[in-house]
Amino acid sequence: MNETVSKILEELNSFPLHFAFAYTEQNSRGEDILVFTCRELPLRDFIYIPGKKGMTLGWDTKQCPLAPAVLAEFRRYYEEEANWKVKEILEDIALYQKKLAGELSDKERGEWEQALGWAEEALEEARAKVQTWEDYLRDLLDELDASTSPLRTADIPPMLAERWAWSTPEEIEPPFDLPTEDEWEYLCSGGVHTLFPWGDTLELEPIYNETFDKDTKNAFGLVIGNGSRAERVSGSRWRLKGDDGGCFLCGGEGDRAAFAYSPYFQYGIPRYPGEPDEELEAEMSKRWRRRILRLTPPEN
């Protein structure tokens, strides 16, 4: 047993719980991930998360330009989607012109010529409505800024964190706690400040088609079910992380669906006029939770 594991176990002995070191696994960066078990929670893996001072969290598109690969994927999506109506009408026009080039009765020719005229008018209207790439990108960045937490730095303590979040009825009891928003963003990011936890790349198709593997382990060895499992954080009654409430995923906004996969995405349960706190509390109780156990930062 190495020195790091021994020190962790020594501190864990001060809690009214029974922890044991289970095994070591490696992440994609070649770093060791230390996995612990707890006798009182036999079905849960706990991952040791090293702390970090001055961790950059949140997002601001003016100070954090999109990575080239991310920008290129949004551009690809724009070029495919912005002109879909134009392309559809052009296909109709090509069909009508092909029909008119063949043998037709006067009645049939008149009908196809009328259809062609309508399609050409619709084409002009559709082209006039096409958003420019610059306008599309501006709107995208404005929405991203509005959907993410502010850019900031924070000191994150070392901790044990559950590998999986859960939504069963039991409550989190001391000495465990919910992560704060700062801590949750750190856990989700794997300790690296990029817009997405997997790095500076993006593939939209598996996200908006919901074929993205939501049970992949991140760099810390945690399973963050972004886009499908809203997790609670401490410090705010209604704030959720890692979920968009279905607004993008079910609303046809394929590009914006990527936002919910960012560690910095914020989502709050909508509150309607006159809705009592009890109803919102009932809704929040259905959301996913993740236990953490904060440890003492090492002395410098």
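Reference entry: report on the structure contained in this document. (Residues numbered from 1 in each chain as written. Predicted model: local features only at pLDDT ≥ 70, side-chain atom pairs only at ≥ 80, totals over all residues. Heavy atoms only, no water.)

**Description of the environment of I269**
Our working definition: Secondary structure follows DSSP: runs of H or I at least 4 residues long count as helices, runs of E at least 2 residues long count as strands, and numbering of each begins at the N terminus. Two residues form a contact once any of their heavy atoms are found within 4.5 Å.
By secondary structure assignment, the location of I269 is in the loop between β9 (266-268) and α8 (277-284). Note: C-alpha distance between I269 and K129 (140 residues apart in sequence) is 33 Å. When sequence neighbours within four positions are dropped, the list of residues in contact with I269 reads W238, L240, L280, E283, M284 and R287.

**Quick notes on empty space enclosed by the protein**
Put simply, the rule is: Definitions used throughout: a 1 Å grid over protein atoms alone; a cavity as a set of points that fits a 1.4 Å probe which cannot get out; a pocket as an open set with protein on both sides within 12 Å along at least five of seven lines; a lining residue as one with an atom within 4 Å of a point. Grid points are joined across faces, edges and corners, and a volume is the space filled by probe spheres set on the points.
Taken as a whole, this structure holds one cavity of 30 Å³ or more when the rule is applied. A volume near 40 Å³ is recorded for the largest cavity. What lines the largest cavity is W59, P65, L66, A67, V70, L195, G199 and D200.

**Here we look at the sheet that holds strand β3 (residues 41-49)**
Backbone-to-backbone hydrogen bonds pair the strands of a sheet. The strands run either parallel or antiparallel. Let me state the cut-off plainly: Between any two strands, at least two bridges found by DSSP are needed for them to pair. Only C-alpha atoms enter the line fits that serve as axes; for helices the fit covers just the stretch in contact. Angles between N-to-C directions range over 0 to 180 degrees.
The strand order across the open sheet formed by five strands is β1-β2-β3-β6-β10, and the pairing between neighbours is antiparallel. Since the sheet does not close on itself, it has two edges, and those belong to β1 (19-26) and β10 (292-294), each with one partner. Looking at each pair of strands side by side, their axes are set apart by 25° on average, direction ignored. Helix α1 (residues 3-12) contacts β1, β2 (32-38), β3, β6 (159-162) and β10 of the sheet and is inclined by roughly 30° relative to β2.

**Some words on the layout of surface pockets**
We apply this condition: Basically, the charged four are Asp, Glu, Lys and Arg, the nonpolar ten are Ala, Val, Leu, Ile, Met, Phe, Trp, Tyr, Cys and Pro, and anything else, Gly included, counts as polar.
Its volume calculated, the largest pocket comes out at about 400 Å³. Taken together, 18 residues line the largest pocket, and the ones lying closest to its centre are Y48, P158, T296, P297 and P298. Those elements that provide at least two residues to the lining of the largest pocket are α1, β4 (52-57) and β5 (152-156). Here the lining of the largest pocket takes five residues from α1, the largest share from any one element. When grouped by side-chain class, the residues that make up the lining of the largest pocket number eight nonpolar, four polar and six charged. Counted as a void, the second largest pocket has a volume near 340 Å³. Forming the boundary of the second largest pocket are 20 residues, of which P197, W198, T216, K217 and N218 lie nearest the centre. Looking at the lining of the second largest pocket, its residues break down into 10 nonpolar, six polar and four charged.

**Some thoughts on the side chain of T61**
Let me state the cut-off plainly: Relative accessibility thresholds used throughout: buried, under 20% of the residue-type maximum; exposed, over 50%; partly exposed, between the two (1.4 Å probe, protein chains only). Each polar contact in these results corresponds to two N or O atoms within 3.5 Å; when the atoms are within protein, one needs to be able to donate a hydrogen and the other to accept it, and residues that are neighboring in sequence are counted only if both atoms are side-chain atoms.
Position of T61 relative to the elements: it lies in the loop between β4 and α2 (68-81). Owing to a relative accessible area of 12%, T61 belongs among the buried residues under this scheme. Side chain to side chain, T61 and D145 meet in a polar contact 2.7 Å long. In this structure, T61 is in contact with L141, L144 and D145, ignoring residues within four places of it in sequence.

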